[in-house]
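Examining the three-dimensional arrangement
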Amino acid sequence: MRSSTLYSVLAVLLVLIAAALIANHVGTLHHVDMPTAATLIAGVATGFFIGVVAAIMGVAGGELLIPTIVLLFGVDIKVAGSLSLAVSLPTMLVAFARYSRDGSFTVLQRHARLGIVLALGSIAGTVLGGLLLGVVPEAILIPGLALLLVLSSVKVWRHATI
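A brief structural summary. What you see is a predicted model, and the numbers here were worked out from it, not measured in a lab.

1. Observations regarding the overall build of the chain
What the chain contains, in helices and strands, is 7 helices and 0 strands. Ordered by position in the sequence, the α and β elements of the chain form the string α-α-α-α-α-α-α. Against the compact-globule benchmark of 15 Å for 162 residues, the chain has a radius of gyration of 17 Å, which places it among compact chains. The C-alpha extent of the chain, read off along each of the three principal axes, is 50 × 40 × 35 Å. Evaluated residue by residue, the chain yields a buried proportion of 21% over its 162 residues. Roughly 10600 Å² of accessible area belongs to the chain as shown, and the carbon and sulfur atoms make up 74% of that amount.

If you want it as structure tokens, here you go:
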């Protein structure tokens, strides 16, 4: 598949996920209620798909994990965020090992200062987000995530047309 096609498909997927989140939020779409065995199979299948997309895009997959956990398994968005972190950790470790082997991290040496600044900002944002977890209601989080998905899709779509 050409890169531009892949980016276009991912952009459309992000918009569809945002729309499904909003539909779920306003009550016109409900999570899928499945028997335990089907839930396990769906979890493995979606986890595999998200892992492939995350590896291709070089991300942890949270932009797909959180909506999947909310929509497919009916979990509260705050719990889904925590589960996403737990699921992303092994994904990031495997990606780190893979990219370390083929020398992809040499770019970090050239941009060490930027990496440190971004890491410090990420840590500060994580601490603040953790403190706000009990304060910010779901009524703000879900539309916020949907907006973030749409904005991401615009960026991905623009990348497809370059």
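2. Quick notes on the nonpolar core
Counting residues in each nonpolar core, the largest one holds 22 residues, and the members touching the most others are Leu-21, Leu-64, Ile-66, Val-70, Ile-77, Leu-145 and Leu-149. Elements represented by at least two residues in this core include exactly α1 (3-26), α2 (36-57), α3 (62-73), α4 (77-101) and α7 (138-160). Among the elements that make up this core, the one with the highest residue count is α1 (7 residues). Apart from the residues within four sequence positions on either side, Ile-66 is in contact with Ile-77, Ala-80, Gly-81, Ser-84 and Leu-145.

3. Considerations on the packing of α1 against α7
Relative to each other, α1 and α7 sit at 165 degrees, their axes nearing to 8 Å. Here α1 is positioned roughly antiparallel relative to α7, judged by the angle of their axes. Regarding α1 and α7, the two cross each other, and that crossing is left-handed. For the contact of α1 with α7, the class distribution of residues is 20 nonpolar, 6 polar and 1 charged.

4. Focus: a nonpolar patch on the surface
The grouping of Ile-116, Leu-120, Ile-123, Val-127 and Leu-131 at the surface amounts to a nonpolar patch, some 530 Å² of accessible area in total. Residue position: Ile-116 is located in helix α6 (residues 112-132). Using a relative accessible area of 52% as the deciding quantity, one classes Ile-116 as exposed.

5. Some details on the packing of α1 against α3
Look at α1 against α3: their axes get within 10 Å of each other, and the N-to-C directions meet at 35 degrees. Classified by chirality, the crossing of α3 by α1 is left-handed. Counted together, Leu-13, Leu-14, Ile-17, Ala-20, Leu-21 and Asn-24 of α1 and Glu-63, Leu-64, Pro-67, Val-70 and Leu-71 of α3 form the full contact between these two elements. When grouped by side-chain class, the residues that make up the contact of α1 with α3 number 9 nonpolar, 1 polar and 1 charged.

6. A closer look at the environment of Ser-104
With respect to the helices and strands, the residue Ser-104 is situated in the loop between α4 and α5 (106-110). Residues Ser-104 and Leu-71, 33 residues apart in the sequence, show an inter-C-alpha distance of 34 Å.

7. Description of α1
In an α-helix, one turn spans 3.6 residues, which is why side chains three or four residues apart end up on the same side. Over its 24 residues, α1 extends 35 Å from the first C-alpha to the last, a length consistent with the 34 Å expected when each residue adds 1.5 Å. Those residues of α1 that sit buried are Leu-10, Ala-11, Leu-14, Ile-17, Ala-18, Ala-20, Leu-21, Ala-23 and Asn-24. Directly after α1, the chain includes Gly-27, whose backbone phi takes a positive value near 95 degrees.

Cut-offs used in this document
Residues numbered from 1 in each chain as written. Predicted model: local features only at pLDDT ≥ 70, side-chain atom pairs only at ≥ 80, totals over all residues. Heavy atoms only, no water. Helix = DSSP H or I, 4+ residues; strand = E, 2+ residues; numbered from the N terminus. Rg over C-alpha atoms; globule rule 2.2 N^0.38 Å. Buried < 20%, exposed > 50% of the residue type's maximum accessible area, 1.4 Å probe, protein only. Areas by Shrake-Rupley, 256 points an atom, 1.4 Å probe, with all protein chains shown as cover. Core = buried A, V, L, I, M, F, W, Y, C linked by side-chain atoms within 4.5 Å. Contact = heavy atoms within 4.5 Å. Axes fitted to C-alpha atoms, helices over the stretch in contact; angles between N-to-C directions. Parallel < 35°, antiparallel > 145°, perpendicular 65-115°, else oblique. Left-handed = near helix turned anticlockwise from the far one by under 90°. Nonpolar A, V, L, I, M, F, W, Y, C, P; charged D, E, K, R; others polar. Patch = residues over 30% accessible without salt bridge, like charges linked within 9 Å, V, L, I, M, F, W, Y side chains within 5 Å. Salt bridge = Lys/Arg side-chain N within 4 Å of Asp/Glu carboxyl O. Expected span 1.5 Å × (residues − 1).

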